[in-house]
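Topology and contacts: notes
Single-letter residue listing:
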Amino acid sequence: MSSLRIVVKIPTGTYPELVADLDRVAPRERAERIRLLAMIGLKELHLIEPMSRQHQLTAASPEPAPGASETKTSNFIRNLTSKL
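What counts, and where the lines are drawn
All chains use their own residue numbering, which begins from 1 and follows the written sequence. Owing to the predicted nature of the model, reporting of local features is limited to residues with pLDDT of at least 70; listing and counting of side-chain atom pairs is limited to 80 or more, with chain, interface and lining totals taken over all residues. Water and hydrogen atoms play no part in the side-chain values, which are based on all heavy atoms of the structure. Scored from 0 to 100, pLDDT records how confident the predictor is in each individual residue. Per the convention used, a helix needs a DSSP run of H or I reaching at least four residues, while a strand needs a run of E reaching at least two, with both numbered from the N terminus. What makes a patch is a set of residues exposed beyond 30% relative accessible area and free of salt bridges, joined within 9 Å when like-charged and within 5 Å when nonpolar (Val, Leu, Ile, Met, Phe, Trp, Tyr). Where accessible areas are quoted, they stem from the Shrake-Rupley method and a 1.4 Å probe; at the residue level, only the protein chains shown are allowed to cover. Definition used for salt bridges: Asp or Glu carboxyl oxygen within 4 Å of a side-chain nitrogen of Lys or Arg. Working definition: with a 1.4 Å probe on protein chains only, accessible area under 20% of the residue-type maximum means buried, over 50% means exposed, and in between means partly exposed.

Observations concerning the confidence of the model for the protein
Looking at the protein as a whole, the pLDDT averages 78, with 58% of positions reaching at least 70. By mean pLDDT, the top-scoring element of the protein is helix 1 (residues 16–23) (94), and the lowest-scoring one is helix 3 (residues 68–82) (63).

Regarding a nonpolar patch on the surface
Taken together, the side chains of L4, I6 and V8 make up a nonpolar region of the molecular surface, amounting to roughly 370 Å² of accessible area. As for its position among the elements, I6 is in the segment before helix 1.

Description of the pattern of salt bridges
All chains considered together, the criterion is met by 4 salt bridges. For R24, the salt bridge is made with D21, and the minimal N-O distance between the two is 3.4 Å. What makes R24 exposed here is its relative accessible area of 66%. One salt bridge in this structure joins R35 and E32, with 3.0 Å as the shortest N-O distance. Highlighted residues: R35 and E32, both in helix 2 (residues 30–58), separated by 3 residues, approximately one helical turn. Judged by its relative accessible area of 47%, R35 falls in the partly exposed class.

Next up, the structure:
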């Protein structure tokens, strides 16, 4: 089984919600918390990809597409992942 060792520095001012969340977790459990949050993000990303394709197809229609709030979330996650 292979593994990765990743050292992460999280700027307090850039990600205050993440820092606050990790501050509530015991130091030895923070890596597991980061893994859990990453898996949640990946799941959300995989759920959003099909919706974004559907949104592109319905973008030409004048009425708002169902799930407009999901589109805002997908844009946010797409912007985050594009910087990776």
